[in-house]
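# Residue-level structure breakdown
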Amino acid sequence: KSRWLTSVASGEGLISLLSPQAKERTNPYNSRYASLNNRPDSINPMAENNADKRLLLTLTEFSSILQIMKRPGSTVSSVIRDAWDHGFLQNNTKLAAARVDNAHVSCIGHITIDELRFELDRVEFANGFANRFLWAYTKRSKLLPDSTIPSGVLSGVSSNLRETIANCNGCQSLEIQKDHAATDLWHRVYPVISSNVPGV
């Protein structure tokens, strides 16, 4: 849970959370709040484990980050795109300069179709922000007021996952490659999906 967040306020804040250079800073208002609540004062709640560059964002209201991205000067979009592309994140502001190498940031967001159409503007389509997410449309297939997961449904998946993790224990890196059939398919469809078409 130390590498799990449920909200993002700014791109600079995201970099600071992952940066090994991040240090605790004293703020008179934060210090008063900390003393009242008997907790340490720190701008970086992950400071004790900031050598770990992994971060999972679980945004149950994904529209909130889309709204933040529309603010003048917001760097959230560019930071998330850099995290997806190469994992090198850098903030050069005077008071909060920070740098992160090999960041591994994942994001799970929940949003309705109407919200997505309203909040995701054309700029984020054009700059590739939307392309960096795998969008899954889900809907209810039946009414199950007392639904439960049947026993044994996940046992096969969990056993395969355990075996994979055990085999990869100690691996420095793991590259997942396409087989020949997938490569041939990709070569056929890539010119089509890469062609310039009008509109979104």
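Since the model is a prediction, treat every value here as computed from it, not as a measurement.

For the rest of this paragraph, the subject is the pairing of strand β2 (residues 54–59). A regular strand places its side chains so that they alternate between the two faces of the sheet. Relative to β2, strand β1 (residues 4–5) runs parallel, the two being bridged by 2 bridges. By the bridge assignment, tryptophan 4 is partnered in β2 with leucine 56. Relative to strand β5 (residues 104–109), β2 runs parallel, the two sharing 6 bridges. In the sheet register, threonine 58 faces β5, and the bridge partner there is isoleucine 108.

Further remarks concern the pattern of salt bridges. Enumeration over the complete set of coordinates arrives at 3 salt bridges. Among the salt bridges present, the one from lysine 70 reaches glutamate 119, with a minimum N-O distance of 3.0 Å. Placement of lysine 70 in the loop between α3 (62–69) and α4 (76–85) and of glutamate 119 in helix α5 (residues 113–119) is noted, with a sequence separation of 49 residues between them. With a shortest N-O distance of 2.9 Å, aspartate 85 and arginine 132 are connected by a salt bridge. With aspartate 85 in helix α4 and arginine 132 in the loop between α6 (122–126) and α7 (155–168), this residue pair connects regions lying 47 residues apart in the sequence. Taking relative accessible area as the criterion, aspartate 85 reaches 40% and is therefore assigned partly exposed.

This brings us to the confidence of the model for the protein. As a general rule, the predicted coordinates of low-pLDDT regions are not to be interpreted in detail. When pLDDT is averaged across the protein, the result is 77; 76% of the residues are at 70 or more. Here residues 23–49 is modelled with pLDDT under 50, and outside its nearest four sequence neighbours on either side it reaches 32 contacts, counting other chains as well.

Attention now moves to helix α8 (residues 180–194). Residues spaced three or four apart along an α-helix face the same direction, because each turn holds 3.6 residues. In this model α8 runs 21 Å from its N-terminal to its C-terminal C-alpha over 15 residues, within 8% of the 21 Å that 1.5 Å per residue would give. Its axis deflected by about 30 degrees at arginine 188, α8 carries its strongest bend there, up to four residues before the proline proline 191. Two or three places before alanine 181, at the start of α8, stands the capping residue aspartate 179, its side-chain oxygen 3.3 Å from that residue's backbone nitrogen.

To continue, consider α4. For α4, every residue scored as buried is listed here: Val76, Ser77, Val79, Ile80, Arg81 and Ala83. Lining the buried residues of α4 we find α1 (11–18), α3, β3 (89–91), β5 and α6. Just beyond α4, the residue with positive phi is glycine 87, at close to 80 degrees.

Let us now look at the side chain of serine 77. Position of serine 77 among the secondary structure elements: in helix α4. Side chain to side chain, serine 77 and glutamate 124 meet in a polar contact 2.8 Å long.

On to the environment of leucine 55. If you trace the backbone, leucine 55 turns up in strand β2. In this structure leucine 55 comes out as buried when scored by relative accessible area, which is 3%. Each C-alpha atom of the pair leucine 55 and histidine 104 lies 6.3 Å from the other, and the pair is 49 residues apart in sequence.

What follows concerns the packing of aromatic side chains. Going through the model one piece at a time under the given rule, you end up with 5 aromatic pairs. Each ring, one from phenylalanine 62 and one from tryptophan 135, has its centre 6.0 Å from the other, and the planes form 80 degrees; the classification is edge-to-face. Taken as a pair, phenylalanine 62 in helix α3 and tryptophan 135 in the loop between α6 and α7 lie far apart in primary sequence, 73 residues in all. Judged by relative accessible area, which is 38%, tryptophan 135 ranks as partly exposed. Here the aromatic rings of phenylalanine 133 and tryptophan 135 are separated by 5.7 Å at their centres, their planes lie at 40 degrees, and the arrangement is tilted. Members of the aromatic cluster, connected to one another through ring pairs, are Phe62, Phe129, Phe133 and Trp135. For the cation-ring pair, lysine 70 lies above phenylalanine 118, with the distance from its terminal atom to the ring centre recorded as 5.8 Å.

What counts, and where the lines are drawn
Here the residue numbering is sequential within each chain, running from 1 through the sequence in written order. Reporting in this predicted model follows two pLDDT cut-offs: at least 70 for local features of residues, and 80 or more for side-chain atom pairs to be given and counted; totals over whole chains, interfaces and linings ignore these cut-offs and use all residues. Note: side-chain values were computed over all heavy atoms of the structure, leaving out hydrogens and water. Strand pairing is defined by DSSP finding a minimum of two bridges between the two strands. Helix and strand labels come from DSSP, where a helix needs a run of H or I of at least four residues and a strand needs a run of E of at least two; each type is numbered from the N terminus. By definition here, a salt bridge exists when the distance from a side-chain nitrogen of Lys or Arg to a carboxyl oxygen of Asp or Glu is within 4 Å. The cut-offs for exposure are 20% and 50% of the maximum accessible area for each residue type, with area from a 1.4 Å probe on protein chains only; residues under the lower value are buried, those over the upper are exposed, and the others partly exposed. Every residue carries a pLDDT, the predictor's confidence in it, which falls somewhere between 0 and 100. For this analysis, residues touch if any pair of their heavy atoms sits within 4.5 Å. Here the expected span of a helix is defined as 1.5 Å times the quantity of residues minus one. The bend reported for a residue corresponds to the angle between axes fitted to the seven residues ending at that residue and the seven starting there. Two N or O atoms form a polar contact when they lie within 3.5 Å of each other; inside protein one atom must be a possible hydrogen donor and the other a possible acceptor, and for residues adjacent in sequence the pair counts only when both atoms belong to side chains. Within 6.5 Å between ring centres, the rings of Phe, Tyr and Trp (the latter by its six-membered ring) count as paired, and their orientation is classed by plane angle as stacked under 30 degrees, edge-to-face over 60, tilted in between. Two limits define a charge over a ring: the Lys NZ or Arg CZ must be within 6 Å of the ring centre, and within 35 degrees of the ring normal.

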